[in-house]
Amino acid sequence: MTTENNSNPQQIRFAYWVPNVSGGLVVSNIEQRTDWGIDYNRRLAQAAEKSGFDYALSQIRFTAGYGAENQHESVSFSHAILAATEKLKVIAAILPGPWKPALAAKQLATIDQLTHGRIAVNIVSGWFRGEFDAIGEEWPEHDERYVRSEEFIRSLKGIWTQDNFSFDGKYYQFKDYTLKPKPLQQPHPEIFQGGSSRAARDMASRVSDWYFTNGNTVEGIKAQIDDIRAKAQSNDHQVKIGVNAFIIARDSEEEAQAVLQEIIDKANPEAVNAFGDATREAGAASPEGEGNWAKSTFEDLVQYNDGFKTNLIGTPQQVAERIVALKDVGVDLVLAGFLHFIEEVEYFGEKVLPLVRELEARKKVQLEEAV
Ligand SMILES: Cc1cc2nc3c(=O)[nH]c(=O)nc-3n(C[C@H](O)[C@H](O)[C@H](O)COP(=O)(O)O)c2cc1C
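As named in an unreviewed UniProt entry, the protein is Dimethyl sulfone monooxygenase SfnG, taken from Acinetobacter thutiue.

Right, here's the structure in full:
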């Protein structure tokens, strides 16, 4: 079994954020018809796979300010979603520190076996110091967290692909270790990572299968992609790119803009500012100061991964055209958040996705004719 989904690799892919954390995807008192419980999430996952989504990304938090008061654990929650679906791949988030690679590799290999090869993993390096302090975990400085994450990823790959695996890192050591059974997916379950900083990009250009970044303008995303892909090429490594976007697709542009305005007008200022303070330990703390949230305004932070910046806000036609523009600069996947998840995932599948596929097909013909 390969790690690719069955979908056409020439088509841009879609993932959605699993709302396994309470409070929805925006830090606002606007009504959000979204629930963090398992019943809602099972129905959402089934609707998403029917609507053309390839992946779901669950979140890991041990504590959180900004209104995300309850948080289900990511690996176990991912498994429950996989058990309720047939095609969807679920990406479980894991934090080096609380997790050790031996445990993660074994846990995920078993889930891969149980779900016929549908688990993937997002290695998150940590941005919230308060969380690490609260659970008694060491808090290495920004770039050092990526040294640890890279060793974590190298360990996962080694354990999943080799017998008698040995590794002598700063953080992790293995001696002649053989995991059995290995995961079903070959060569191994897909490994995602998040971040925008220099250290995050460099790690992606060496070891990750996928690089996830916060929302951004097309130009901002292009600059990151060009940078990562040039480095990856010199490392003889291939990395795919996923971009976060908070999608507000409505029948008219006015309606979509009005929803955005209402989200911002009803933002919870204490929670957004507390979140803004916490993020200063992330991107802004990296030596080059280019990481996630380093340049985010109050309005950007209302969607906690800068999802408004990607501007997938408008009519189905506008949203579809902007998605294809992202694809044109090298984006492989859009990671989507929504206000009312189930309803909007279905609307997206009915109204937006067919337009994206139509635009992609038209472009393909144009390219073929030009050759
Ligand atoms: C799409 C995406 C998903 C993420 N999911 C999580 C998560 O579930 N838990 C978490 O603690 N951090 C998560 N992160 C945070 C990153 O792993 C990273 O720590 C953060 O973006 C800081 O990156 P930077 O300072 O290197 O730019 C996510 C980031 C992105 C872009």
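After that view of the structure, there is still more to cover.
What follows concerns helix 8 (residues 253-265). With 13 residues, helix 8 should reach 18 Å at 1.5 Å per residue; the first-to-last C-alpha distance of 18 Å fits that figure. Buried residues in helix 8 make contact with strand 9 (240-246), strand 10 (248-249), helix 10 (298-301) and strand 11 (313-314).

What follows covers unusual backbone geometry. The peptide bond linking Lys180 to Pro181 adopts the cis configuration, its omega dihedral lying at -5°. Relative to the elements of secondary structure, Pro181 occurs in the loop between strand 6 (173-177) and strand 7 (191-194). Put simply, Gln186 and Pro187 share a cis peptide bond, and its omega is 0°. As for its placement among the helices and strands, Pro187 is situated in the loop between strand 6 and strand 7. Positive phi, normally seen in glycine, also occurs at Asp236, with a value near 60°. The topology assignment puts Asp236 in the loop between helix 7 (218-234) and strand 9. The class for Asp236 is exposed, based on a relative accessible area of 76%. Positive phi is not limited to glycine here, since Asn311 has a value of about 60°. You can see Asn311 is positioned in the loop between helix 10 and strand 11. Judged by its relative accessible area of 32%, Asn311 falls in the partly exposed class.

Turning to the packing of aromatic side chains, a few remarks are in order. Inspection of the entire model under this criterion finds 25 aromatic pairs. With a centroid separation of 5.4 Å and 55° between ring planes, the pair formed by Trp127 and Trp293 is classed as tilted. Taken together, the residues span a long stretch of sequence, with Trp127 in the loop between strand 4 (119-123) and helix 4 (129-134) and Trp293 in the loop between helix 9 (269-279) and helix 10 at a distance of 166 residues. What makes Trp127 buried here is its relative accessible area of 17%. Taken together, the ring pairs connect Phe14, Tyr16, Phe53, Phe338, Phe341 and Phe348 into an aromatic cluster. The ring of Tyr171 has Arg148 sitting right over it, with the charged end atom 6.0 Å from the ring centre.

This part is about the packing of helix 2 (residues 74-83) against helix 3 (residues 101-114). At a minimum axis distance of 11 Å, the contact between helix 2 and helix 3 shows a crossing angle of 5°. Classified by the angle between their axes, helix 2 and helix 3 sit roughly parallel to one another. Contact residues: Val75, His79 and Leu82 in helix 2; Gln107, Leu108, Ile111 and Leu114 in helix 3. Here the contact of helix 2 with helix 3 is built from residues that sort into 5 nonpolar, 2 polar and no charged.

Conventions we followed
Residues numbered from 1 in each chain as written. Predicted model: local features only at pLDDT ≥ 70, side-chain atom pairs only at ≥ 80, totals over all residues. Heavy atoms only, no water. Helix = DSSP H or I, 4+ residues; strand = E, 2+ residues; numbered from the N terminus. Expected span 1.5 Å × (residues − 1). Contact = heavy atoms within 4.5 Å. Buried < 20%, exposed > 50% of the residue type's maximum accessible area, 1.4 Å probe, protein only. Phe/Tyr/Trp six-rings, centres within 6.5 Å; stacked < 30°, edge-to-face > 60°. Lys NZ or Arg CZ within 6 Å of the ring centre and 35° of its normal. Axes fitted to C-alpha atoms, helices over the stretch in contact; angles between N-to-C directions. Parallel < 35°, antiparallel > 145°, perpendicular 65-115°, else oblique. Nonpolar A, V, L, I, M, F, W, Y, C, P; charged D, E, K, R; others polar.

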